[in-house]
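Coordinate inspection notes
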Amino acid sequence: MLIIKGKVSTAGGPIEASELKAGMLILDRNHRARKLLSVEEKTADGLLRFKRSGAVLSADAVILTAQGGKRGGGHVKMMTPTKKIIDDEAFIEPRTAAGYELTVENGSNLFVDGYCVSLKGE
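My aim in this report is to walk through the structure given alongside it, one point at a time. Just so you know, these numbers come straight off a predicted model, no measurement behind them. (Residues numbered from 1 in each chain as written. Predicted model: local features only at pLDDT ≥ 70, side-chain atom pairs only at ≥ 80, totals over all residues. Heavy atoms only, no water.)

Counting 26 residues, the largest nonpolar core has I3, V8, F50, L57 and L102 as its most contacted members. Looking at this core, the elements with two or more residues in it are β5 (33–50), β9 (74–79), β10 (85–104), β11 (109–112) and β12 (115–118). In terms of residue count, the dominant contributor to this core is β10 (five residues). When sequence neighbours within four positions are dropped, the list of residues in contact with L57 reads M1, L2, I3, I4, G46, L47, L48, F50, I63, V112 and V117. (Core = buried A, V, L, I, M, F, W, Y, C linked by side-chain atoms within 4.5 Å. Buried < 20%, exposed > 50% of the residue type's maximum accessible area, 1.4 Å probe, protein only. Helix = DSSP H or I, 4+ residues; strand = E, 2+ residues; numbered from the N terminus. Contact = heavy atoms within 4.5 Å.)

Next comes the structure, spelled out in structure tokens:
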């Protein structure tokens, strides 16, 4: 999963994915701080774009919705860090773009623009 556009929730507040550095603390869906081990720029083949939040991920992303893990586009009910449920639409775009792959110590998920995303693809 690559983050193309969006702010990642960190212990210091939301930070654009392009500005993340190894050693920062990333917040998971249980609000635990996890150490960011690496940030690697790669190319995504296909995009997953959210209409309401504006976040853009690689098309292979697994988003953790209020109903469980989901791949692909369509209507989604996203749960924010404050447990508020937000209706949004996700769209698959068949194009390439540069994005960031994050490796997080003992981490399996994180928040991008307030939406929980799996790091493990499950």
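There is more to say after this.
The two faces of strand β7 (residues 62–65) match: V62 and L64 on one face and I63 and T65 on the other face are all buried. Here β7 runs beside strand β8 (residues 68–71); their pairing, made up of four bridges, is antiparallel. Among the inter-strand pairings, L64 is bridged to a residue of β8, identified as G69. (Pairing = 2+ DSSP bridges.)

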